[in-house]
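Breakdown of the fold
What follows is each chain in one-letter form.
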Amino acid sequence: MPTMDDVRRETQEFIRRHWDISKLDTEESPIWCEYGLTGTCPNEDRPGCYALVEGGEVTYIGSGASQGHGIYEGCGLGHRLNGYLQYDRTQPAATLADRRYKPKPQYTFTSLHTFGFPRVYGYMALALESFLLNRVPTSDNKHRPGGSLSGTGKASGKVKVNG
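Residues numbered from 1 in each chain as written. Predicted model: local features only at pLDDT ≥ 70, side-chain atom pairs only at ≥ 80, totals over all residues. Heavy atoms only, no water.

Along any regular strand, the residues point their side chains to alternate faces of the sheet. Of all seven residues in strand β2 (residues 48–54), six are buried, a share of seventy percent or more. Summarising the sheet, β2 and strand β3 (residues 57–64) pair through seven bridges and their orientation is antiparallel. Looking at the pairing, tyrosine 50 lines up with glycine 62 of β3. The turn joining β2 and β3, which pair antiparallel and follow one another in sequence, is formed by two residues; a positive phi near 60° is taken by glycine 55. Alignment of β2 against strand β6 (residues 111–116), held across six bridges, turns out to be antiparallel. (Buried < 20%, exposed > 50% of the residue type's maximum accessible area, 1.4 Å probe, protein only. Helix = DSSP H or I, 4+ residues; strand = E, 2+ residues; numbered from the N terminus. Pairing = 2+ DSSP bridges.)

In this section: the pattern of salt bridges. Inspection of the entire model under this criterion finds five salt bridges. Between arginine 8 and aspartate 5 there is a salt bridge, and its shortest N-O distance comes to 3.5 Å. Of the two residues, arginine 8 and aspartate 5 are both situated in helix α1 (residues 4–18); the distance of three residues between them amounts to about one turn of the helix. On the basis of relative accessible area, arginine 8 is assigned to the partly exposed category, the value being 32%. The exposed category is assigned to aspartate 5, whose relative accessible area is 55%. Aspartate 6 is the partner of arginine 9 in a salt bridge, and the nearest nitrogen-oxygen pair spans 3.0 Å. With arginine 9 and aspartate 6 both in helix α1, this residue pair falls three residues apart, about one helical turn. Exposure remark for arginine 9: the relative accessible area of 49% places this residue in the partly exposed category. A network of salt bridges, in which partner residues are shared, links Glu13, Arg16 and Arg17. (Salt bridge = Lys/Arg side-chain N within 4 Å of Asp/Glu carboxyl O.)

Note on placement: proline 105 falls in the loop between β5 (101–103) and β6. Proline 105 gets classed as exposed once you look at its relative accessible area, which sits at 55%. In sequence terms proline 105 and leucine 85 are 20 residues apart; their C-alpha atoms lie 9.0 Å from each other.

Attention now goes to the side chain of asparagine 43. With respect to the element layout, asparagine 43 can be found in the loop between β1 (32–35) and β2. Within polar-contact distance, the side chain of asparagine 43 engages the side chain of threonine 114 at 3.0 Å. Non-local contacts of asparagine 43, meaning those with residues more than four positions away in its chain, are made with Ile31, Cys33, Leu77, Thr114, Phe115 and Gly116. (Polar contact = N/O pair within 3.5 Å; in protein donor to acceptor, adjacent residues only side chain to side chain. Contact = heavy atoms within 4.5 Å.)

Moving on to the nonpolar core. One finds Val7, Trp32 and Phe117 to be the most contacted residues of the largest nonpolar core, which totals 20 residues. Looking at this core, the element that brings in the most residues is helix α3 (residues 123–133), giving six residues. Once residues within four sequence positions are removed from consideration, tryptophan 32 is found in contact with Met4, Val7, Arg8, Thr11, Cys49, Tyr50, Ala51, His113, Thr114, Phe115 and Leu132. Counting 14 residues, the second-largest nonpolar core is a separate cluster that includes Tyr35, Leu52, Leu77 and Leu81. (Core = buried A, V, L, I, M, F, W, Y, C linked by side-chain atoms within 4.5 Å.)

Here it is as structure tokens:
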């Protein structure tokens, strides 16, 4: 059962191999951030990767590196995660910072984590996603580019859907 500790460890290996962190400001240094589903999502304004977690197990890893459109233009993760989340109308909020979100009915994750790159390095999101998919045996990622390096070679399909 892969955990966020596994994802963080493999991400550090990716960074060690492919990223010169000394060339970035501390504010730009990409890190994994947990999103508590309140207010704006961490890294929503950046291209990057995300992990869906259910009961402590990382079940899905994806990326959001598109150019986006409208209010999400240039915001790969914000645009991508919009497809998984909906406003929780049972908990009204006075401000955007207090607004609560929840997974859309077809999804069963209990936690969401993001890893955002500075926009000029958005292409690295796709590389990190591929790297992680080959090293972290998630249950719901169907495609693993380049084959499985994790030794399992298994993938069950799509993100879990209720019902």
